[in-house]
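Residues per chain, in single letters:
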Amino acid sequence: MVGFVARGDSVVLTLWLSLWINDYVTEHGGTADDATAKAGIITGIAQTCGLLTAPIAGFLCSRLGTVWALAVMAFIALVGYCSIGLVGDPTSTAAVIISCLIGMGEIGVVVTGQALVTQQSPRYVRGSVGGAFSFSGSIGIIAATKFGGIMYDHVGRGTPFVLFAAFNLLVVVTAVILRLRHPNGSDPSAIVCAEDQKGLLSQNVNS
């Protein structure tokens, strides 16, 4: 699910926000060149904010744990998606600020999601888990492109953002539930580490 959301987020920002800006500018008297330039500027600012957020996301993983860090970053993306869906002018200052939140959440979910997969998967199946993570990311890209396009055309231009707001909400809720199942600061990764050591011990004994 995390891979699905992380990769789908990137499509929503680069594709649907750019398209929305292009449509808005041309409908309000701007040329195609003006629209492309405006879309590039706004998405570039959002991606730059995301780039600056990547080390912060890594720091949160080491300080809060990967599950809480993922919840924080998915919540930032959730706030950004819910807010941008309510904006009428995607070129306004408010929209640029909200786009930065989306960019921060997008990169943050990628970083924390990959850290979570690496930490939580036992060593002897880590490659398989990483492959499944990438595969789910591909499904997320397809879903964001296909269903986002249908919603953009037939429901409203802000609806692809609302769709992925719901997906990020699901990530937040799942992460919180997972942490609540391990209260008093216990780390669910400790279970995986123990299983990892047990699996390696069994391999050594069998060999």
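As a reminder, the structure under discussion sits directly above these lines.
None of the values given here were measured: they were computed from a predicted structure. (Residues numbered from 1 in each chain as written. Predicted model: local features only at pLDDT ≥ 70, side-chain atom pairs only at ≥ 80, totals over all residues. Heavy atoms only, no water.)

Trainee: I'm lost on the overall build of the protein chain in this one. Help?
Mentor: Within the protein chain, the regular secondary structure consists of 7 helices and 0 strands. In the protein chain, the order of α-helices and β-strands from amino to carboxyl end is α-α-α-α-α-α-α. A burial count over the protein chain gives 43% of its 207 residues as buried. Nonlocal contacts in the protein chain, meaning residues at least 24 apart in sequence, comprise 76% of its contacts between residues at least 6 apart. If you sum the accessible surface of the protein chain, you get close to 10,300 Å²; carbon and sulfur atoms cover 67% of it. (Helix = DSSP H or I, 4+ residues; strand = E, 2+ residues; numbered from the N terminus. Buried < 20%, exposed > 50% of the residue type's maximum accessible area, 1.4 Å probe, protein only. Contact = heavy atoms within 4.5 Å. Areas by Shrake-Rupley, 256 points an atom, 1.4 Å probe, with all protein chains shown as cover.)

Trainee: Would you explain the side chain of T43 in this entry?
Mentor: Among the structural elements, T43 can be located in helix α2 (residues 32-64). The class of T43 is buried, set by a relative accessible area of 11%. A distance of 3.4 Å separates the side chain of T43 from the backbone oxygen of G40, its partner in a polar contact. Ignoring anything within four residues of it in the chain, the contact list for T43 reads L13, L17 and S18. (Polar contact = N/O pair within 3.5 Å; in protein donor to acceptor, adjacent residues only side chain to side chain.)

Trainee: Could you clarify how one ought to interpret the pattern of salt bridges in this entry?
Mentor: Oppositely charged side chains can form a pair if their charged atoms are brought close together. All told, the structure shown has 1 salt bridge when counted by the stated rule. Between E27 and R157 there is a salt bridge, and its shortest N-O distance comes to 2.4 Å. You can see E27 sitting in helix α1 (residues 2-27) and its partner R157 sitting in the loop between α5 (126-154) and α6 (159-180), a full 130 residues away along the chain. (Salt bridge = Lys/Arg side-chain N within 4 Å of Asp/Glu carboxyl O.)

Trainee: Help me understand the layout of surface pockets, please; the structure alone is not making it clear to me.
Mentor: To locate leftover empty space, one rolls a probe as large as a water molecule over the atoms. Quantified by volume, the largest pocket comes out at close to 270 Å³. If you trace the largest pocket, you find 15 residues lining it, with V2, L70, L116, T174 and L178 closest to the centre. Breaking the lining of the largest pocket down by element, the ones donating at least two residues are α1, α3 (66-84), α4 (93-120) and α6. Per element, the largest residue contribution to the lining of the largest pocket is 5 residues, and it comes from α6. The class makeup of the residues in the lining of the largest pocket is 11 nonpolar, 4 polar and no charged. (1 Å grid on protein atoms, 1.4 Å probe; cavity = no way out; pocket = protein on both sides within 12 Å on 5 of 7 lines; lining within 4 Å. Points joined across faces, edges and corners; volume = space filled by probe spheres on them. Nonpolar A, V, L, I, M, F, W, Y, C, P; charged D, E, K, R; others polar.)

Trainee: What's the story with the packing of aromatic side chains in this structure? I'm lost.
Mentor: Here a ring pair, both rings aromatic, is described through the centre-centre distance and the interplanar angle of the planes. Taken as a whole, this structure holds 6 aromatic pairs when the rule is applied. On the basis of an interplanar angle of 10° and a centroid distance of 6.2 Å, the ring pair of F4 and F164 is categorised as stacked. Here F164 lies in helix α6 and F4 lies in helix α1, a separation of 160 residues in the sequence. Residue F4 is classed as buried on the basis of its relative accessible area of 14%. Look at F164 and you get buried, because its relative accessible area is 1%. Considering the side-chain rings of F164 and F167, the 5.1 Å spacing of their centres and the 75° angle between planes classify their relative orientation as edge-to-face. Note that F164 and F167 are positioned in helix α6 at a spacing of 3 residues, about one turn of the helix. Taken together, the aromatic side chains of F4, F164 and F167 make up a single cluster linked through ring pairs. (Phe/Tyr/Trp six-rings, centres within 6.5 Å; stacked < 30°, edge-to-face > 60°.)

Trainee: How should I be thinking about the nonpolar core in this particular structure?
Mentor: Taken as a class, soluble globular proteins show a tendency for nonpolar side chains to be buried jointly. With 48 residues, the main nonpolar core has V12, L17, Y81, I84, I102, V109 and F161 as its most contacted residues. For this core, the element with the highest residue contribution is α1, accounting for 12 residues. L17 has contacts with V12, I42, T43, S99 and F161, leaving out every residue within four places of it along the chain. (Core = buried A, V, L, I, M, F, W, Y, C linked by side-chain atoms within 4.5 Å.)

Trainee: Please clarify how the packing of α1 against α4 should be interpreted in this entry.
Mentor: A packed helix pair is summarised by two numbers, namely the angle formed by the two axes and the spacing between the axes. It is the contact of α1 with α4, at a shortest axis distance of 9 Å, that shows an interaxial angle of 155°. Taken as axis vectors, α1 and α4 run roughly antiparallel relative to one another. For the element pair α1 and α4, the recorded crossing hand is left-handed. Side by side, α1 and α4 meet where V2, A6, R7, D9, S10, L13 and L17 of the first sit next to S99, I102, G103, E106, V109, V110, G113 and Q114 of the second. Within the contact of α1 with α4, the residues separate by chemical class into 7 nonpolar, 5 polar and 3 charged. (Axes fitted to C-alpha atoms, helices over the stretch in contact; angles between N-to-C directions. Parallel < 35°, antiparallel > 145°, perpendicular 65-115°, else oblique. Left-handed = near helix turned anticlockwise from the far one by under 90°.)

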